[in-house]
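Below, each chain spelled out in residue letters.
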Amino acid sequence: MDRIYITGVKGMLGRAVVPLFRERYEIFPADLGETDVRDADAIMGDICRTKPRFVLHLAAITDVDACEKNPDEAYGVNALGTRNVALACQRSDAVMAYISTGMVYDGRKETPYVEFDPACPLNVYARSKYQGEIMMKDLLSRFYTFYSCWLFGGGIADKKFVGRIIERARNTSELRVVNDKFGSPTYTVDLAKRMFDFIESGLYGKYHCANAGCVNRFEMSLEILKAAGITGCRLVPVSSDEFALPAARPRMEALRNYNFELLGLAPMRNWADALNDYIETMNA
Ligand SMILES: NC(=O)c1ccc[n+]([C@@H]2O[C@H](COP(=O)([O-])OP(=O)(O)OC[C@H]3O[C@@H](n4cnc5c(N)ncnc54)[C@H](OP(=O)(O)O)[C@@H]3O)[C@@H](O)[C@H]2O)c1
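Since the structure is predicted, the reported quantities are computational estimates derived from the model, not experimental observations.

## Let's talk about the pattern of salt bridges
Counting across every chain of the model gives 21 salt bridges. Between Arg53 and Asp2 there is a salt bridge, with the nearest N and O atoms lying 2.8 Å from each other. With Arg53 in the loop between helix 2 (40-50) and strand 3 (54-57) and Asp2 in strand 1 (residues 2-7), this pair connects stretches of sequence that are 51 residues apart. Between Arg53 and Glu200 there is a salt bridge, with the nearest N and O atoms lying 2.9 Å from each other. Taken as a pair, Arg53 in the loop between helix 2 and strand 3 and Glu200 in the loop between helix 7 (188-198) and strand 10 (205-208) lie far apart in primary sequence, 147 residues in all. By relative accessible area, which is 32% here, Arg53 ends up partly exposed. Salt bridges sharing common partners tie together Asp2, Arg24, Arg53 and Glu200.

Below, the structure written as structure tokens:
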């Protein structure tokens, strides 16, 4: 069985990746408690001892506003931490897979971004993720960068957008949600499956990897409440100007999986179908 070393296994995406990848690989899991990606020696030692065929680098500081308030932490983990993982892949001859974000684009496009659009990150989180990608590309010749967007998943531990909307909608009669930020909500299980199906291809490079469709946060929230069967809360569409947040968000983060299309791969399913499936598992 080939070995795969996975950072950030305890995160939202990690929880979807591990059970699936276990079907084909011997998994060597890592997270903050065990190996800090900022510790170059520790990550080098760990990966070189393990001698994995693949390293799936999921670990990151993903709180966009926290990154804005603490750039040292963001660049230390997301950029230099990724450099450390890439150096270990270089030494151990492992193929690296890195997850980036639709937030690296400037958001001015009217339609979903494709892999050939230029990056122009607007906030520290996106800049740190993009710098991580550049460092990996400078060091390695065999790598995948999977770009995704507005991830949801994690079940009962869900403290991100879907979990928060459900919790708040159950406890209030009115929720104000922005209708001027657009993305492609993506189920972690679907992203994990696409990476699992593609990682053996040897077709290294950059791939957008998001569920199909483009919606704003208000429209997504309407679907969340419908799927969760919540009827006692009215959603009100508002402008993002109402919420002063530390980090600027691009207006558009949605992704079109253009490189997969060009390869003739089946499209990933629509975000709303995936969301309904996910919320069903939360209620199970
Ligand atoms: N969430 C999204 O919407 C989204 C969209 C596009 C791309 N991505 C990318 O997808 C990947 C997975 O995202 P996610 O949502 O699963 O993130 P997540 O839930 O925040 O998980 C990230 C994991 O990395 C760990 N971590 C943080 N700092 C670390 C360090 N210094 N060393 C080792 N581990 C560390 C975290 O531990 P702690 O929890 O203890 O800090 C956490 O377990 C990330 O690379 C992210 O940038 C996410």
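## Regarding the nonpolar core
Within the largest apolar cluster, 35 residues are counted, with the highest numbers of intra-cluster contacts made by Phe152, Val162, Met220, Ile224, Leu225 and Ile279. Mapped onto this core, the elements with two or more residues apiece are helix 6 (161-170), strand 7 (174-178), helix 8 (217-228) and helix 10 (271-283). The greatest single-element share of this core, amounting to six residues, is contributed by helix 10. Mapping this core onto the domain boundaries places at least three of its residues in each of domain 1 (2-152 + 184-213 + 253-262) and domain 2 (159-180 + 215-252 + 271-283). Each residue touching Ile224, except ones within four places of it in the same chain, is listed here: Phe161, Val162, Ile165, Ile166, Leu275 and Ile279. Listed in part, the 29 residues of the second largest apolar core include Leu13, Phe54, Leu58 and Met268.

## So, the packing of aromatic side chains
Applying the stated rule across the entire model yields 17 aromatic pairs. Centre to centre, the rings of Phe21 and Phe196 are 5.2 Å apart; their planes meet at 80°, and the pair counts as edge-to-face. Of this pair, Phe21 sits in helix 1 (residues 12-21) while Phe196 sits in helix 7, and the two are 175 residues apart along the sequence. Taking the centre distance of 5.7 Å and the plane angle of 80° together, the rings of Tyr25 and Phe54 count as edge-to-face. Linking Tyr25 in strand 2 (residues 25-30) with Phe54 in strand 3, this pair joins segments that are 29 residues apart in sequence. Both residues of the pair, Tyr25 and Phe54, count as buried. An aromatic cluster of three or more residues is present, and its members are Tyr144, Phe146, Phe198, Tyr204, Tyr207 and Phe260. Note that Arg217 overlies the ring of Phe161, its terminal NZ or CZ placed 4.2 Å from the centroid.

## Some thoughts on helix 5 (residues 124-139)
The end-to-end C-alpha distance of helix 5, which contains 16 residues, comes to 22 Å, matching closely the 22 Å that a straight helix rising 1.5 Å per residue would cover. Buried within helix 5 we find Val124, Tyr125, Ala126, Ser128, Lys129, Gly132, Glu133 and Met136. Here the buried face of helix 5 lies against helix 3 (64-69), helix 4 (71-92), strand 4 (95-101), strand 5 (143-148) and strand 10. In this structure Asn123 caps helix 5, since a side-chain oxygen of it lies 3.3 Å from the backbone nitrogen of Tyr125.

## Comments concerning the site of the ligand
Neighbouring the ligand are 26 residues, the closest being Leu13, Asp36, Thr62, Tyr125 and Lys129. Lys129 is positioned such that a nitrogen or oxygen atom in its side chain is 2.7 Å from an oxygen atom of the ligand. Summarising the interface, the protein chains cover 83% of the accessible area of the ligand, which totals 900 Å² for the free molecule. A class-by-class count of the residues in the shell around the ligand yields 13 nonpolar, seven polar and six charged.

## Regarding the domain arrangement of the protein chain
Each assigned domain of the protein chain is listed with its residue range as follows: domain 1 (2-152 + 184-213 + 253-262) and domain 2 (159-180 + 215-252 + 271-283). Taken together, the 27 residues of domain 1 in the interface contact 19 residues of domain 2. Here domain 1 packs against domain 2, burying approximately 2,000 Å² in sum over the two surfaces, 66% of which is carbon and sulfur. By the criterion of area lost to domain 2, the three top residues of domain 1 are Asp65, Trp150 and Phe152, representing 30% of everything that side buries. At the surface where domain 1 touches domain 2, the tally comes to two salt bridges. Glu110 is paired through a salt bridge with Arg251; the nearest N and O atoms lie 3.8 Å apart. Our count for the domain 1 to domain 2 interface comes out at five residue pairs in polar contact (both at pLDDT 80 or more). A per-element tally of the side of domain 1 that touches domain 2 places helix 3 first, with four residues.

## Some remarks on the environment of Leu56
Considering the arrangement of structural elements, one finds Leu56 in strand 3. By relative accessible area, Leu56 is classed as buried at 0%. If near-sequence neighbours (up to four positions away) are discounted, Leu56 is found in contact with Ile4, Tyr5, Ile6, Thr7, Val17, Phe21, Ala97, Ile99 and Met195.

Analysis parameters
- Residues numbered from 1 in each chain as written.
- Predicted model: local features only at pLDDT ≥ 70, side-chain atom pairs only at ≥ 80, totals over all residues.
- Heavy atoms only, no water.
- Salt bridge = Lys/Arg side-chain N within 4 Å of Asp/Glu carboxyl O.
- Helix = DSSP H or I, 4+ residues; strand = E, 2+ residues; numbered from the N terminus.
- Buried < 20%, exposed > 50% of the residue type's maximum accessible area, 1.4 Å probe, protein only.
- Core = buried A, V, L, I, M, F, W, Y, C linked by side-chain atoms within 4.5 Å.
- Domains from an automatic or database assignment.
- Contact = heavy atoms within 4.5 Å.
- Phe/Tyr/Trp six-rings, centres within 6.5 Å; stacked < 30°, edge-to-face > 60°.
- Lys NZ or Arg CZ within 6 Å of the ring centre and 35° of its normal.
- Expected span 1.5 Å × (residues − 1).
- Polar contact = N/O pair within 3.5 Å; in protein donor to acceptor, adjacent residues only side chain to side chain.
- Near = heavy atom within 4 Å.
- Areas by Shrake-Rupley, 256 points an atom, 1.4 Å probe, with all protein chains shown as cover.
- Nonpolar A, V, L, I, M, F, W, Y, C, P; charged D, E, K, R; others polar.
- Buried area = accessible area lost by both parts, 1.4 Å probe.

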